[in-house]
Amino acid sequence: MNQYSALKQALKPHLAWHGARLSFLALFLLALIKVKTVNLSELAVGFGGKALKESNYKRLQRFFRNFELDYSEIAKIVVGWLKLPQPWVLSLDRTTWELGEHCYNILTVGIVHEGVAIPILWWLLKKKGNSNSDQRMRFIEAIFKIFPTARIRCLCADREFIGQAWLRYLLLEPSLSFRLRIRATDKIERNGKALPAKVVFAHLAIGESQQLPGDCRVWGNRVSLEALRLEDGDLLIVIAPPHTVGLVSDYALRWGIETLFGIFKTRGFCLESTHFTDPERLRKLFALLTLALVWSLKTGLWLHQLHPIRLKKHGRRSQSLFRLGFDHLRHLILNPSLPNHRDFLHSLQFLSCT
């Protein structure tokens, strides 16, 4: 059984797709790992086989133009493959770039796992700039529609995901805690006074943090509040529901979504090389990249367990789990010898929910 057939067989139990669609997905994942880009011309070359490059290119176009994806199905497969333990830490952000006059703007939420936010929901915003409170509320409700029984430890988001209506919504949602960064100019109400956060925490030295005691309010809502003076002198100010501790350390987990965007873009799949302008086609592409990400990450975790990645002096790994797994899969796919084929078949065991 060759790599294509073996991968197709491994995917079959998880996706109720027609055989031709499963064949396409197997070819796509193999090609993506080979060529390391979502550019359709390069992927068409990576498909290999007897078909001409032009035929492969048209096949790619047909899939993204005509095939409808069930994105909730993809999200559930991802969670099942990784066996993500609950409660989850969610990281919310958006990634943007421009091609000519077209602006790509993707709102994404992921479950933070091993330093990476694994995407479970992504929407294409039809505008430049940030989402509004109403869009975020509908976004959160869509998450709970997919995973109605999920236990969430907290939702982390940066300074652009703030505002009175958004904060009030989160506080009214009993099953969703949060860690939100606010601006240094936002006012904190304490002891009958309202002062900008930068004034309240002006005394903090670099590396020093403080959680305010007592009753604190932001935009009229009671919150817990902690600040840290960063190395560049900026203030990291985080709010959470009342009586929460460890706000800054929890908020640090937000970085997993920045790692995700790096993997999807310059450090992995070169998402910015797509010429898709249709939102639905780009959304499908994002889904397929998520499957490739999980396969690579699971492979990296297994390799790390066999031979732990060396730590640098600052305590971080010298190589990411994604990169370790991705490079290993790429080596196996590009060098299909008999020993490598055995390892490739082993890697397919990671694509299992059991």
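Preceding this paragraph is the structure being described.
Parameters at a glance
- Residues numbered from 1 in each chain as written.
- Predicted model: local features only at pLDDT ≥ 70, side-chain atom pairs only at ≥ 80, totals over all residues.
- Heavy atoms only, no water.
- Helix = DSSP H or I, 4+ residues; strand = E, 2+ residues; numbered from the N terminus.
- Rg over C-alpha atoms; globule rule 2.2 N^0.38 Å.
- Buried < 20%, exposed > 50% of the residue type's maximum accessible area, 1.4 Å probe, protein only.
- Contact = heavy atoms within 4.5 Å.
- Areas by Shrake-Rupley, 256 points an atom, 1.4 Å probe, with all protein chains shown as cover.
- Axes fitted to C-alpha atoms, helices over the stretch in contact; angles between N-to-C directions.
- Parallel < 35°, antiparallel > 145°, perpendicular 65-115°, else oblique.
- Core = buried A, V, L, I, M, F, W, Y, C linked by side-chain atoms within 4.5 Å.
- Salt bridge = Lys/Arg side-chain N within 4 Å of Asp/Glu carboxyl O.
- Arc of directions from axis to C-beta.
- Nonpolar A, V, L, I, M, F, W, Y, C, P; charged D, E, K, R; others polar.

K.L.:
I'd like a description of the overall build of the chain, backed by residues and values.
P.N.:
Broken down by element type, the chain carries 13 helices and eleven strands. A compact globule built from 354 residues would reach a C-alpha radius of gyration of about 20 Å, and the chain, at 22 Å, matches this within 12%. Taken along the three principal axes of its C-alpha coordinates, the chain extends 75 × 45 × 40 Å. A total of 354 residues make up the chain; the buried ones form 54% of that total. The long-range fraction of contacts in the chain, counting pairs at least 24 apart against all pairs at least 6 apart in sequence, stands at 60%. Counting every atom, the chain has about 16,500 Å² of accessible surface; 51% of that belongs to carbon and sulfur.

K.L.:
So what's going on with the packing of helix 5 (residues 71-82) against helix 11 (residues 279-306)? Which residues, and what values?
P.N.:
The contact between helix 5 and helix 11 brings their axes to 10 Å, and the two run at 10°. Regarding the angle of helix 5 to helix 11, the classification is roughly parallel. Seen from helix 5, the contacting residues are Tyr 71, Ile 74, Ile 77, Val 78, Trp 81 and Leu 82; seen from helix 11, they are Glu 280, Arg 283, Lys 284, Ala 287, Thr 290, Leu 291, Val 294, Leu 297 and Lys 298.

K.L.:
Lay out the nonpolar core with the relevant residues and their values.
P.N.:
Counting residues in each nonpolar core, the largest one holds 127 residues, and the members touching the most others are Leu 7, Phe 28, Phe 64, Trp 166, Phe 201 and Phe 269. Ranked by the residues each element gives to this core, the list is headed by helix 11, at 14 residues. When sequence neighbours within four positions are dropped, the list of residues in contact with Phe 201 reads Ile 188, Gln 210, Leu 212, Leu 225, Ala 227, Arg 229, Leu 235 and Ile 237.

K.L.:
How would you explain unusual backbone geometry if you had to name every residue and give the values?
P.N.:
Between Gln 86 and Pro 87 the backbone carries a cis peptide bond, its omega angle lying at 5°. Within the secondary structure, Pro 87 sits in the loop between helix 5 and strand 1 (88-99). Positive phi, normally seen in glycine, also occurs at Cys 270, with a value near 55°. Relative to the helices and strands, Cys 270 resides in the loop between helix 10 (256-264) and helix 11.

K.L.:
Quick rundown of the pattern of salt bridges? Include the residues and the values.
P.N.:
In this structure the tally under the stated criterion is 15 salt bridges. Between Lys 128 and Glu 98 there is a salt bridge, and its shortest N-O distance comes to 3.4 Å. With a gap of 30 residues between them, Lys 128 in the loop between strand 3 (116-124) and helix 6 (133-146) and Glu 98 in strand 1 connect regions that are remote in the sequence. Relative accessible area serves as the criterion here: at 55%, Lys 128 is assigned to the exposed category. Salt-bridge contacts for Glu 272 lead to Lys 265; the nearest nitrogen and oxygen are separated by 3.9 Å. Taking the relative accessible area as the measure of exposure, Glu 272 reaches 35% and is therefore partly exposed. Among the charged side chains, a salt-bridge network with shared partners connects Asp 93, Arg 254 and Glu 258.

K.L.:
Break down helix 7 (residues 164-172) for me, citing the residues and quoting the values.
P.N.:
Looking only at helix 7, the buried set comprises Trp 166, Leu 167, Tyr 169 and Leu 170. Buried residues of helix 7, seen end-on, are gathered within an arc of 160° and therefore sit on one face of the element.

K.L.:
Got a sec to walk through the packing of helix 4 (residues 53-66) against helix 11? Specific residues and values, please.
P.N.:
Running from N to C, helix 4 and helix 11 point in directions that differ by 110°, and their axes come no closer than 8 Å. Comparing their axes, helix 11 and helix 4 come out roughly perpendicular. On helix 11, the residues touching Phe 63, Phe 64, Arg 65 and Asn 66 of helix 4 are Arg 281, Lys 284, Leu 285 and Leu 288. Classifying every residue of the contact of helix 4 with helix 11 gives four nonpolar, one polar and three charged.

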